[in-house]
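Coordinate analysis (summary)
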There are 2 protein chains.
Amino acid sequence: MSSVVVESDVQLSLDSIRESLIRQEDTVVFSLIERAKFPLNSPAFEEPRCLDSGNSSSLTEFFVREIETIQAKVGRYANPEENPFFLDNIPHSVFPSHKYPQVLYSKASSVNINKRIWDVYFKELLPLFVKPGDDGNYASTAASDLACLQAISRRIHYGKFVAEVKFRDAPHDYEPAIRSKDTEALMKLLTFEKVEEMVKKRVEKKAETFGQEVKCVSGDDESEKKYKVKPSLVSRIYGEWLIPLTKDVEVEYLLRRLD
Amino acid sequence: MSSVVVESDVQLSLDSIRESLIRQEDTVVFSLIERAKFPLNSPAFEEPRCLDSGNSSSLTEFFVREIETIQAKVGRYANPEENPFFLDNIPHSVFPSHKYPQVLYSKASSVNINKRIWDVYFKELLPLFVKPGDDGNYASTAASDLACLQAISRRIHYGKFVAEVKFRDAPHDYEPAIRSKDTEALMKLLTFEKVEEMVKKRVEKKAETFGQEVKCVSGDDESEKKYKVKPSLVSRIYGEWLIPLTKDVEVEYLLRRLD
């Protein structure tokens, strides 16, 4: 390895990407555990019931739209790891903004599947890992949902970095499939079942570790162990949604990689 | 115990308060671990450098002010557990708001020491548990700081509920000290060193558990264990700041409890 390393290369080593994805698992698991404090609270995200006459979005959609605007104003979306759910035109930062290294291929960098992530999250994931019911605590629930959505979205869109490094490592493997727009071949090139199994096992263990009740006195009855979010469910959330959606991002990115 | 329990009474049992405080420890520890991903990034909260001419606040202050306004609009501060850092006049919710049971004594319920919490957090706590440095990632850092501030503030202001239940349990113990504004006597009545030691031990264990690196293969070298936030530091943060500040809230609340 050369002793002079350009910043963009550092960011793009497979090791650093792997490390980031592993660390992001903790964030995802924490956010699911925190959301599980509240019941489903579906009126917050299902019903358009804003008192403002001009607005007919749900409370959660209103909240996320407004928060994303504020976050844009402090430069969140200058970071290529962050992708907004609702902002078509990203407001300029009102603070001097950081220059992030441009490691992604510019014509592919705008891949954004947050509309799908939003639907999957509220329709499929959320009802799985929270208890049913309505406690009226919509403001806190919306803040927790946003934390989950952003953690999940960041993880899934990290697929752009994964795809870029894989492409750079072996462009000739990918070019024919990209040129022929062969999605299936690309998906095959990107799939490593053993790695996926390891991720699923690890996040299950993380959910066990982070979602347990920690007590001062140890030696508690192990058979009684209760978890804040069922560990096997976190494994399933990764296996059925997070990993496949990440690969979808990788494929979408690669399809534009030679544009 | 009577079979008919009024909601406000349920909320005010010492057991339910204890349970909430224990669960809030997880939230506090998660938020510290998440913040520790980023270095100090002090320009975000120290320098007034907004590009908007009318505004001279730091990025973090700007961010928290704006986010609190949005959160108010979805009803966050209708919840007596939540206390804003900057809002003097809380904007009305633009959504129908939940009726939270009024369990606090109304003339004491507005106790808010968030200005002190803000200073303590940025000047004393933060430099302890994050690494020094500046990676420019201010938007994500500000979001993480807000999560810490809100978790810590909620924990500390929960002292109002603690004080209310303690007062209701034994009003005659507290009344003389309240009438003579004897802060020291109140502090003595509210202090249980054994309980405080237990809390400090438990949060240390939580920091160990939640801040460890979880690997797929167990049997790792125990001596190598690295934590995302030093567990003894979390214990110290509770012992030196969170517990004393909670008791300050309790005292301030009690001083107004007979108004």
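Each value, and the rule that gives it
Residues numbered from 1 in each chain as written. Chains lettered and ligands numbered in written order. Predicted model: local features only at pLDDT ≥ 70, side-chain atom pairs only at ≥ 80, totals over all residues. Heavy atoms only, no water. Least-squares fit on C-alpha atoms with pLDDT ≥ 70 in both. Contact = heavy atoms within 4.5 Å. Buried area = accessible area lost by both parts, 1.4 Å probe. Salt bridge = Lys/Arg side-chain N within 4 Å of Asp/Glu carboxyl O. Helix = DSSP H or I, 4+ residues; strand = E, 2+ residues; numbered from the N terminus. Expected span 1.5 Å × (residues − 1). Bend = angle between axes of the 7 residues up to and from the residue. Core = buried A, V, L, I, M, F, W, Y, C linked by side-chain atoms within 4.5 Å. Buried < 20%, exposed > 50% of the residue type's maximum accessible area, 1.4 Å probe, protein only. pLDDT = per-residue confidence, 0-100. Axes fitted to C-alpha atoms, helices over the stretch in contact; angles between N-to-C directions. Parallel < 35°, antiparallel > 145°, perpendicular 65-115°, else oblique. Nonpolar A, V, L, I, M, F, W, Y, C, P; charged D, E, K, R; others polar.

**Considerations on the relation of the copies chain B and chain A**
Rotating chain B by 180 degrees and moving it 0.0 Å along the rotation axis overlays it on chain A with an RMSD of 0.0 Å. Viewed as a symmetry operation, the transformation between the two copies matches a two-fold axis. Within chain B, the C-alpha atom positioned nearest to the axis of rotation is that of Phe210(B), 2.6 Å from it. Same-surface contact between copies: 100% of interface residues of chain B are shared with the interface of chain A.

**A few points about the interface of chain B and chain A**
Each partner contributes residues to the interface: chain B has 52 residues there, and chain A has 52 residues. Here chain B packs against chain A, burying approximately 4600 Å² in sum over the two surfaces, 67% of which is carbon and sulfur. When residues of chain B are sorted by the area they lose upon contact with chain A, Phe95(B), Val214(B) and Cys216(B) head the list and together hold 15% of the total. At the junction of chain B with chain A, the criterion picks out four salt bridges. Across the pair Asp26(B) and Lys228(A) runs a salt bridge, and its minimum N-O distance is 2.6 Å. Elements with a minimum of two residues in the side of chain B that touches chain A: α2 (14-35), α4 (59-73), α6 (138-157) and α10 (193-210) of chain B. With eight residues, α4(B) is the largest single contributor of residues to the side of chain B that touches chain A.

**Describing helix α11 (residues 231-255) of chain B**
Over its 25 residues, α11(B) extends 35 Å from the first C-alpha to the last, a length consistent with the 36 Å expected when each residue adds 1.5 Å. Along its length, α11(B) shows its largest kink, about 40 degrees, at Tyr238(B).

**Observations concerning the nonpolar core**
Ranked by size, the top nonpolar core spans 150 residues in total, and within it Phe129(A) and Phe129(B) carry the most contacts. In this structure, Phe129(A) is in contact with Leu32(A), Arg35(A), Ala36(A), Tyr121(A), Val229(A), Leu233(A) and Ile237(A), ignoring residues within four places of it in sequence.

**Some details on the confidence of the model for chain A**
Note that predicted coordinates carrying low pLDDT should not be read in detail. Residues and elements named next belong to chain A. When pLDDT is averaged along chain A, the result is 91, and 90% of the positions lie at 70 or above. Every residue in residues 1-10 scores below 50 in pLDDT, and together they form six contacts with partners more than four places removed in sequence or on other chains. The ipTM for the predicted assembly is 0.93, set against a pTM of 0.94.

**Considerations on the environment of Pro43(B)**
Residue position: Pro43(B) is located in helix α3 (residues 43-46). Once the C-alpha coordinates of Pro43(B) and Ile243(B) are considered, the two residues, 200 residues apart in sequence, prove to be 29 Å apart.

**Here we look at the pattern of salt bridges**
It is possible for side chains of opposite charge to pair when their charged atoms get near one another. Evaluated as defined, the whole model comprises 38 salt bridges over all chains. With a closest N to O distance of 3.7 Å, Glu250(B) and Lys166(B) form a salt bridge. Separated by 84 residues along the polypeptide, Glu250(B) in helix α11 and Lys166(B) in helix α7 (residues 159-169) bring together distant segments of the chain. The exposure class assigned to Glu250(B) is buried, which follows from its relative accessible area of 4%. The buried category is assigned to Lys166(B), whose relative accessible area is 18%. One network of salt bridges, with partners in common, ties together Glu25(A), Asp26(A), Arg202(A), Lys206(A) and Lys228(B).

**Remarks on the packing of helix α4 (residues 59-73) of chain A against α4(B)**
In contact at an axis separation of 10 Å, α4(A) and α4(B) are set at 170 degrees when each is read in the N-to-C sense. The orientation of α4(A) with respect to α4(B), classified from their angle, is roughly antiparallel. In this structure, α4(A) uses Phe62(A), Phe63(A), Glu66(A), Ile67(A), Ile70(A), Gln71(A) and Lys73(A) to contact α4(B), whose residues at the interface are Phe62(B), Phe63(B), Glu66(B), Ile67(B), Ile70(B), Gln71(B) and Lys73(B). In terms of residue class, the contact of α4(A) with α4(B) is built from eight nonpolar, two polar and four charged.

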